[in-house]
Amino acid sequence: MPLKGIRVLELAGLAPGPFCGMLLVDFGASVIKVDKANAVQIIPDCLGHGKRSIALNLKTKKGIKIFKRLSDQSDVVIDPFRAGVMEKIKLGPKDLMETNKRLIYARLTGFGQKGPYAHMAGHDINYLGLSGILSLLGRYNQKPTPPINLAADFGGGGLMCAFGILLALLERSRSNAGQVVDASMVDGSAYLGSWIFRTQNIPELWGNPRGKNILDTGSHFYDTYETKDKQYMCLGAIEPQFYETFLEKLGLSIDELSQYDNFEENRAKLENIFKQKTQAEWCTVFDGTDACVTPVLNVKEVALHAHNRERKTFTVSEDDSVIPNPAPRLSRTSGKSKGLQKNPEPGEHTTEILTELSFKSSEITDLIKNGIVEQGIAQSKL
């Protein structure tokens, strides 16, 4: 595994931080999740598989000391809190890197460590809005539509942060020095959209209002269409040769369905055509061709599709949960999903981790009794 031997401390948070930790653990890192002692989980962490959990009360001096001991033995800390939060409890980068100069301190926030918004609360939709990307998403004459919380939380957030951590680890192998990773979801979302920004001066792509351009559902040949059985097909026949193949499979000529004229009229024609067959029937027509037509699969169906099945893109758990397998694939040291392992309870491994830190049994009992740490319900077995 590429990250075998890398030790990570992940401060518990919502989607982006746990996703970042998941990426690292799936490729071999050892990740300890630091949960809050005696905290009530409103939204459970669904990305904790393969990690261990210690529950600490970081409002106490002893809790802070335990965290510092963990940090001194770690390669990476993932901090999901707003700028200045960790500094207030003396666990910021300067505090931790004073005793562990090789530490990679990854700060994963919405607005970053500096700027007028740095101390404001926000969520994916806010970060995506500030990045400029949200303004481009949506149908014509309709308001901007966020792509759930995919782009900022996970693409511009967790994934970019993991990339930053890997860069810092690579650089550390030469300098032997750690550094701070400032992963802002606004910055990351904007960077994720680099191609979109750099093509804005190409009128053939973005010369029209939102929802009227080739790639934002403005064209009839880049859209989704309902089928006879109320399912959907994706059509993405952008290049002329692919559009020609698409027409051939429909038995139509370019005169009957031109590519760059009468978008709305042609869309209406295609809506009627696609409703004449079921999704499975259309797959029979288009599978294996260069027409750029594929089915829209829901999250339960994806693991059953022949292509995904052969590539082992997903794993199905005993409770029928569909779990994506790690990507990209490496020829020698690919990742391995921990999704089939049990998601740890907060503090499940507290005693185990404290024992590894050379705490005596009597000390651990005292820490639990005084609310410095919490041992989760399902204690792990050594």
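About the criteria used
- Residues numbered from 1 in each chain as written.
- Predicted model: local features only at pLDDT ≥ 70, side-chain atom pairs only at ≥ 80, totals over all residues.
- Heavy atoms only, no water.
- Helix = DSSP H or I, 4+ residues; strand = E, 2+ residues; numbered from the N terminus.
- Buried < 20%, exposed > 50% of the residue type's maximum accessible area, 1.4 Å probe, protein only.
- Contact = heavy atoms within 4.5 Å.
- Areas by Shrake-Rupley, 256 points an atom, 1.4 Å probe, with all protein chains shown as cover.
- Pairing = 2+ DSSP bridges.
- Axes fitted to C-alpha atoms, helices over the stretch in contact; angles between N-to-C directions.
- Phe/Tyr/Trp six-rings, centres within 6.5 Å; stacked < 30°, edge-to-face > 60°.
- Arc of directions from axis to C-beta.
- Domains from an automatic or database assignment.
- Expected span 1.5 Å × (residues − 1).
- Bend = angle between axes of the 7 residues up to and from the residue.
- 1 Å grid on protein atoms, 1.4 Å probe; cavity = no way out; pocket = protein on both sides within 12 Å on 5 of 7 lines; lining within 4 Å.
- Points joined across faces, edges and corners; volume = space filled by probe spheres on them.
- Nonpolar A, V, L, I, M, F, W, Y, C, P; charged D, E, K, R; others polar.
- Core = buried A, V, L, I, M, F, W, Y, C linked by side-chain atoms within 4.5 Å.
- Parallel < 35°, antiparallel > 145°, perpendicular 65-115°, else oblique.
- Left-handed = near helix turned anticlockwise from the far one by under 90°.
- Salt bridge = Lys/Arg side-chain N within 4 Å of Asp/Glu carboxyl O.

1. With respect to the overall build of the chain
1) Next: Regarding its fold elements, the chain presents 16 helices and twelve strands.
2) Next: Each principal axis of the C-alpha atoms in the chain carries an extent, and together these give about 85 × 45 × 40 Å.
3) Next: Looking at the 382 residues of the chain, the share that counts as buried comes to 44%.
4) Next: Look at the contacts in the chain between residues 6 or more apart in sequence, and 63% of them connect residues 24 or more apart.
5) Next: Summing over all exposed atoms, the chain offers an accessible surface of approximately 21000 Å²; the carbon and sulfur share of this is 55%.

2. Quick word on the sheet that holds strand β8 (residues 232-236)
1) Next: With antiparallel pairing, three strands are arranged side by side in an open sheet as β7-β8-β9. Each end of this open sheet is capped by a strand with a single partner; those strands are β7 (222-226) and β9 (293-295). Each strand of the sheet is rotated relative to its neighbour by a mean of 25 degrees, with strand direction disregarded.
2) Next: For β7 and β8, the ladder comprises five bridges, and the chain directions are antiparallel. In the strand pairing of β8, Tyr222 is matched with Gly236.
3) Next: With respect to the sheet, helix α12 (residues 263-274) is in contact with β7, β8 and β9, its orientation differing from that of β7 by roughly 40 degrees.

3. Some points on the packing of aromatic side chains
1) Next: Across all of its chains, the model carries twelve aromatic pairs by this definition.
2) Next: On the basis of an interplanar angle of 45 degrees and a centroid distance of 6.0 Å, the ring pair of Tyr243 and Phe246 is categorised as tilted. Of this pair, Tyr243 and Phe246 both sit in helix α11 (residues 240-250), three residues apart, which is roughly one turn of that helix. Each of the two residues, Tyr243 as well as Phe246, counts as buried.
3) Next: With a centroid separation of 5.7 Å and 25 degrees between ring planes, the pair formed by Trp282 and Phe286 is classed as stacked.

4. Some points on helix α13 (residues 279-286)
1) Next: Taken together, the buried positions of α13 are Gln279, Trp282, Cys283, Val285 and Phe286. Looking straight down α13, one finds its buried side chains confined to an arc of 160 degrees; they lie on one side. Away from the buried face of α13 by more than 90 degrees, exposed residues Ala280 and Thr284 are located.
2) Next: The inward-facing, buried residues of α13 contact β8, α11, α12 and β9.
3) Next: Immediately beyond the C-terminal end of α13, within one or two residues, lies Gly288, with a positive phi of roughly 85 degrees.

5. Examining the domain arrangement of the chain
1) Next: In terms of domain boundaries, the chain breaks down into domain 1 (7-193 + 328-374) and domain 2 (222-296).
2) Next: One C-alpha centre belongs to domain 1, the other to domain 2, and the line joining them spans 43 Å.

6. Here we look at helix α6 (residues 150-175)
1) Next: With 26 residues, α6 extends 35 Å between its outermost C-alpha atoms, agreeing within 8% with the 38 Å of an ideal straight helix rising 1.5 Å per residue.
2) Next: The largest bend along α6 reaches roughly 30 degrees and is located at Met160.
3) Next: Immediately downstream of α6, the backbone of Asn176 shows phi near 65 degrees, a positive value.

7. Topic: the layout of surface pockets
1) Next: Here the second largest pocket defines a volume of roughly 610 Å³.
2) Next: Lining of the second largest pocket is provided by 26 residues; of these, Leu137, Gly138, Leu215, Asp216 and Thr217 occupy positions nearest its centre.
3) Next: The set of elements that each furnish at least two residues to the lining of the second largest pocket consists of α7 (185-192), α8 (194-198), α10 (214-218), β7 and β8.
4) Next: The residue inventory of the lining of the second largest pocket, partitioned by class, reads 15 nonpolar, eight polar and three charged.
5) Next: Residues from two domains meet in the lining of the second largest pocket; each of domain 1 (7-193 + 328-374) and domain 2 (222-296) gives at least three.

8. Structural notes on the nonpolar core
1) Next: Val8, Val76 and Ile165 are the most contacted members of the largest nonpolar core, which has 34 residues in total.
2) Next: Looking at which element gives the most residues to this core, the answer is α6, with eight residues.
3) Next: Beyond its immediate stretch of four places on either side in the chain, Val8 contacts Leu24, Ala29, Ser30, Val31, Ile32, Val76 and Ile78.
4) Next: One finds Val34, Leu91, Leu96 and Phe359 within the second-largest nonpolar core, a separate group that totals 26 residues.

9. Examining the packing of helix α1 (residues 16-26) against α6
1) Next: Contact geometry of α1 with α6 gives a least axis separation of 8 Å together with a crossing angle of 45 degrees. Considering the angle they form, α1 stands oblique to α6. As α1 runs across α6, the sense of the crossing is right-handed. For the pair formed by α1 and α6, the contact residues are Pro16, Phe19, Cys20, Leu23 and Leu24 on the first element and Asp153, Phe154, Gly158, Leu159, Cys161, Ala162, Ile165 and Leu166 on the second.

10. Things to note about the pattern of salt bridges
Two side chains bearing opposite charge may form a pair once their charged atoms approach each other closely.
1) Next: Inspection of every chain in the model, using the stated rule, returns 16 salt bridges.
2) Next: Taking the shortest distance from any N to any O, the salt bridge between Arg52 and Glu356 comes out at 2.8 Å. Within this pair, whereas Arg52 is found in strand β3 (residues 52-56), its partner Glu356 is found in helix α15 (residues 350-356), the two being separated by 304 residues in sequence.
3) Next: In this structure Glu356 comes out as partly exposed when scored by relative accessible area, which is 46%.
4) Next: Between Asp79 and Arg107 there is a salt bridge whose closest N-O contact spans 3.3 Å. A residue pair is termed long-range when its members are at least 10 positions apart, and Asp79 in strand β4 (residues 76-79) and Arg107 in strand β5 (residues 104-109) qualify at 28 residues. The same class applies to Asp79 and to Arg107, which are both buried.
5) Next: Each member of the salt-bridge network shares a partner with another, and the members are Arg139, Lys212, Asp223, Glu264 and Arg267.

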